[in-house]
Amino acid sequence: MENLTALSYDLRKDVIEIICAGKAGHIGGDMSVIDTLITLYFKQMNISPENMDDPNRDRFVMSKGHSVEALYAVLAKKGFFTLEEVLENFSKFGSKFIGHPNNKLPGIEMNSGSLGHGLPVCVGMALAGKMNHQDYRVYTVMGDGELAEGSVWEGAMAASHYKLDNLCAVVDRNRLQISGNTEDVMHHDDLHERFRSFGWNVIDVKDGNSIDELNAAFDEAKTVKGKPTVLIANTVKGCGSPVMENKAAWHHHVPSEEEYTQIMKDLEARKEAALHE
Amino acid sequence: MSKIANKQMICEVLMEAAKTDKDIVALCSDSRGSGSFTPFADTYPEQFVETGIAEQNLVSISAGLAKCGKKAYAVSPACFLSTRSYEQAKVDVAYSNTNVKLIGISGGVSYGALGMSHHSAQDIAAMAAIPNMRVYIPSDHLQTKELVKALLKDEKPAYIRVGRNAVDPVYEEGNVPFEMDKATVVCEGTDVAIIACGEMVKPAKDAAEILKEQGISATVLDMYCVKPLDKDAVVKAAENAKAVITVEEASPFGGLGSMVSQVVGSECPRKVINMSLPDAPVITGTSKEVFDYYGLNAEGIAQKAAELVK
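In this text, all values refer to a predicted model and were calculated from it rather than measured experimentally. (Residues numbered from 1 in each chain as written. Chains lettered and ligands numbered in written order. Predicted model: local features only at pLDDT ≥ 70, side-chain atom pairs only at ≥ 80, totals over all residues. Heavy atoms only, no water.)

1. A few points about the overall build of chain B
A count of helices and strands for chain B gives twelve helices and twelve strands. In terms of C-alpha radius of gyration, chain B reaches 19 Å, essentially the compact-globule figure of 19 Å for 310 residues. With the principal axes as the frame, chain B shows a C-alpha extent of 60 × 40 × 35 Å. For chain B, the accessible area works out to roughly 11700 Å², and carbon and sulfur atoms hold 50% of it. (Helix = DSSP H or I, 4+ residues; strand = E, 2+ residues; numbered from the N terminus. Rg over C-alpha atoms; globule rule 2.2 N^0.38 Å. Areas by Shrake-Rupley, 256 points an atom, 1.4 Å probe, with all protein chains shown as cover.)

2. Things to note about the overall build of chain A
Counting its secondary structure elements, chain A contains ten helices and seven strands. For chain A, whose C-alpha radius of gyration is 18 Å, the value lies close to the compact-globule estimate of 19 Å for 277 residues. Its C-alpha atoms give chain A principal-axis dimensions of about 50 × 45 × 40 Å. Sorting the 277 residues of chain A into buried and exposed places 60% on the buried side. For chain A, contacts bridging at least 24 residues in sequence account for 76% of all contacts bridging at least 6. (Buried < 20%, exposed > 50% of the residue type's maximum accessible area, 1.4 Å probe, protein only. Contact = heavy atoms within 4.5 Å.)

3. Let's talk about the interface of chain A and chain B
Each partner contributes to the interface: chain A provides 24 residues, whereas chain B provides 24 residues. Between chain A and chain B, a total of about 2000 Å² is buried, with carbon and sulfur atoms accounting for 56% of that surface. If you sort the residues of chain A by the area they bury against chain B, His 117, Met 131 and Glu 154 of chain A come out on top, with a joint share of 27%. Counting across the interface, chain A meets chain B through zero salt bridges. Between the two partners, chain A and chain B, sit eleven residue pairs in polar contact (both at pLDDT 80 or more). For the side of chain A that touches chain B, the secondary structure elements donating two or more residues are helix H5 (118-131) and helix H6 (150-161) of chain A. Looking at the side of chain A that touches chain B, the element that brings in the most residues is H5 of chain A, giving eight residues. (Buried area = accessible area lost by both parts, 1.4 Å probe. Salt bridge = Lys/Arg side-chain N within 4 Å of Asp/Glu carboxyl O. Polar contact = N/O pair within 3.5 Å; in protein donor to acceptor, adjacent residues only side chain to side chain.)

4. Some points on the sheet that holds strand E12 (residues 271-275) of chain B
Residues and elements named next belong to chain B. Ordered by their spatial adjacency, five strands build an open sheet running E7-E9-E8-E11-E12, and the pairing between neighbours is mixed. Strand pairing shows two members of the sheet lacking a second neighbour, strand E7 (184-187) and E12, which therefore form its edges. Neighbouring strand axes in the sheet, compared pairwise and without regard to direction, differ in orientation by 20° on average. Relative to strand E9 (residues 218-222), E7 runs antiparallel, the two being bridged by three bridges. Paired with Val 185 across the bridge in E9 is Leu 221. (Pairing = 2+ DSSP bridges. Axes fitted to C-alpha atoms, helices over the stretch in contact; angles between N-to-C directions.)

5. Some points on the pattern of salt bridges
Counting across every chain of the model gives 26 salt bridges over all chains. In this structure, Arg 134 of chain B and Asp 154 of chain B form a salt bridge, with 2.9 Å as the shortest nitrogen-oxygen distance. Pair noted here: Arg 134 of chain B is in strand E5 (residues 134-136) and Asp 154 of chain B is in the loop between helix H7 (141-151) and strand E6 (158-161), with a separation of 20 residues, a long-range link. For Arg 134 of chain B, a relative accessible area of 8% gives the class buried. With relative accessibility at 14%, the residue Asp 154 of chain B sits in the buried group. Ionic contacts of the salt-bridge type, sharing partners, join the residues Asp 10, Lys 13, Glu 268 and Lys 271 of chain A into one network.

6. Section: H5 of chain A
Note on helix geometry: an α-helix contains 3.6 residues per turn, so any two residues three or four positions apart are oriented the same way. Residues and elements named next belong to chain A. Its 14 residues give H5 an end-to-end C-alpha distance of 20 Å, which sits within 8% of 20 Å, the value for a rise of 1.5 Å per residue. Where burial is concerned, most of H5 is hidden: twelve out of the 14 residues are buried. Once H5 finishes, His 133 follows within two positions and takes phi at roughly 55°, a positive value. (Expected span 1.5 Å × (residues − 1).)

7. A word on the confidence of the model for chain B
Per-chain confidence: chain B averages 97 in pLDDT, with 100% of residues scoring 70 or above. Scored as a whole, the predicted complex attains pTM 0.97, and scored at its interfaces, ipTM 0.96. (pLDDT = per-residue confidence, 0-100.)

8. Section: the nonpolar core
With 108 residues, the main nonpolar core has Leu 167 and Phe 195 of chain A together with Phe 40 and Leu 102 of chain B as its most contacted residues. Shared between two domains, this core holds at least three residues of each, these being domain 1 (6-161) and domain 2 (184-309) of chain B. Setting aside anything within four residues of it in sequence, one finds Leu 167 of chain A in contact with Leu 119, Cys 122, Val 123, Ala 126, Val 138, Ala 159, Trp 200, Pro 228 and Thr 229 of chain A. Counting residues in each nonpolar core, the second largest holds 55 residues, with Val 15, Ala 76, Ile 211 and Ala 233 of chain A among its members. (Core = buried A, V, L, I, M, F, W, Y, C linked by side-chain atoms within 4.5 Å. Domains from an automatic or database assignment.)

9. A few points about the sheet that holds strand E1 (residues 59-62) of chain A
Adjacent strands of a sheet form backbone hydrogen bonds with each other and so pair up, either parallel or antiparallel. Residue and element names in this part refer to chain A. With parallel pairing, the five strands of this open sheet are ordered in space as E1-E2-E3-E7-E6. In this open sheet, the two strands that pair with only one neighbour each are E1 and strand E6 (201-205). Across the sheet, the axes of successive neighbouring strands diverge by a mean angle of 20°, strand direction being ignored. Inspection of the sheet shows E6 paired to strand E7 (residues 229-234) by five bridges, in the parallel sense. Of the residues in E7, the one forming a bridge with Ile 203 is Leu 231.

10. Examining the packing of helix H9 (residues 231-239) of chain B against helix H10 (residues 256-267) of chain B
All names here are of chain B. Two numbers describe how H9 lies on H10: the axes approach to 10 Å, and their chain directions differ by 60°. In terms of axis orientation, H9 runs oblique to H10. Helix-helix and strand crossings are classified by hand; for H9 and H10 the assignment is right-handed. Residue-level inspection shows Lys 231, Val 234, Val 235 and Ala 238 of H9 in contact with H10, the latter providing Val 260, Val 263, Val 264 and Glu 267. Within the contact of H9 with H10, the residues separate by chemical class into six nonpolar, no polar and two charged. (Parallel < 35°, antiparallel > 145°, perpendicular 65-115°, else oblique. Left-handed = near helix turned anticlockwise from the far one by under 90°. Nonpolar A, V, L, I, M, F, W, Y, C, P; charged D, E, K, R; others polar.)

11. Side note on the side chain of Ser 67 of chain A
Residue and element names in this part refer to chain A. Among the secondary structure elements, Ser 67 is positioned in the loop between E1 and helix H3 (68-78). On the basis of relative accessible area, Ser 67 is assigned to the buried category, the value being 0%. Ignoring any residue separated from it by four or fewer positions in sequence, one finds Ser 67 in contact with Gly 29, Asp 30, Val 33 and Met 62.

Written out as structure tokens, the structure reads:
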């Protein structure tokens, strides 16, 4: 089995290349969420270019669609398209590689970009699975800033009403949004209690950038019957290099040449450390 | 002459189809009673989803179901469905291209005295402005039946607006001319072309009778397919007439009148008069009282046509 932690730093490098090539990208959230995506696509979900039309495939919706560069890096690694295609086309005129997920691309189920849509859509997907007696699972990732959208809670309400234990949501709890600290913008400090009160099983992932911890949490979620599960993944925005870690200004930012060099060096060092752990 | 509400006809057609097609799913937002969908919910509980009073959820859940192979029919008052869940219609349905049919019930001023919060004068303009969203407003229950049968055969998004009450039929049982996305020619004439949709088709047809007595001949088009608008039918009707009148139970902006004016203006310039609800909160009253007040009835349409061709 490939060292997925080492891979996460390689894919972070791909994300940096994509953002520099397209001269755009939500870099901070890409770096916080990428471990969740790697865990889902390489450990948890039965989804690949070979079975992408199979009705029994697991479903994933990127609710925090602005972190699309991380999704592109992961989908390219899975073989849905090539990294070269992404680098050549991302954000360019006429491209399908838009700054938010676009289901004209293989491997992407739903278009997103406007926040608060992914969870309710996944409720529909999970309901269809129950109706058809299929055993696929449905996953979505939301940002913590996104939780201010009322539609998230409409979806949360319906997911427990319909006992959707085939649905697992992840909150990429990186505690920063475009205007600053999430708790200053709109507080979510009782997040676990909120989801519990909506009838959800809540799993706190202490280190949301640990693939092992995430994987264990996803495994646990599968054993919970009669209710949906949410993983509160406590992540670091910009995870991978001190240049960008925990900095709100890096919500959307294209690294300068100097920053690029330092970030790549930091990512390589962390990869090496992961390989020799 | 039998008549039932268009919304009831939608339910009947879907129930017939649901007998053999287990992928048909109806969804309501605490609107199964007002949408005449209680029989569907009772007969096919496993193919029915209740979302509670949550229209955004209604539409997103519909899109998720559709993405997993279901044929989703989301039934909710037009006033809420076309505004509260507008973004879900735009992103999850139209942009993601999911097989969701949005059924806006009690459209226009159906809720009469309940006030502007419950009117949906904006729905045609709002929904038509979304790329990949079609807009249909059938005139009577017979046409509604044909429309829903046709919609069952495609997998594309659509918004369908129907009124609350049963209306007098425009067509006759067993003789309902219908071709998908083609306007129905109700009658043909050479002086004036009246293009109407929904509940305005019947008064337009009756107006043609009044005009006939005055020696004025009118074409009446039932433009149930507001989008995609049947442009050929508009051009043909306009070319054969001295002037055009559009009639709709909607805002004066961005609806049938605007769309017909665009086509006539560019293809065969003629004078076009748009008859619609006002750009203001609508006066309190039943649908009929409201229509009469604003001249959206046979007499009003005939009078406008007579003035035009004088």
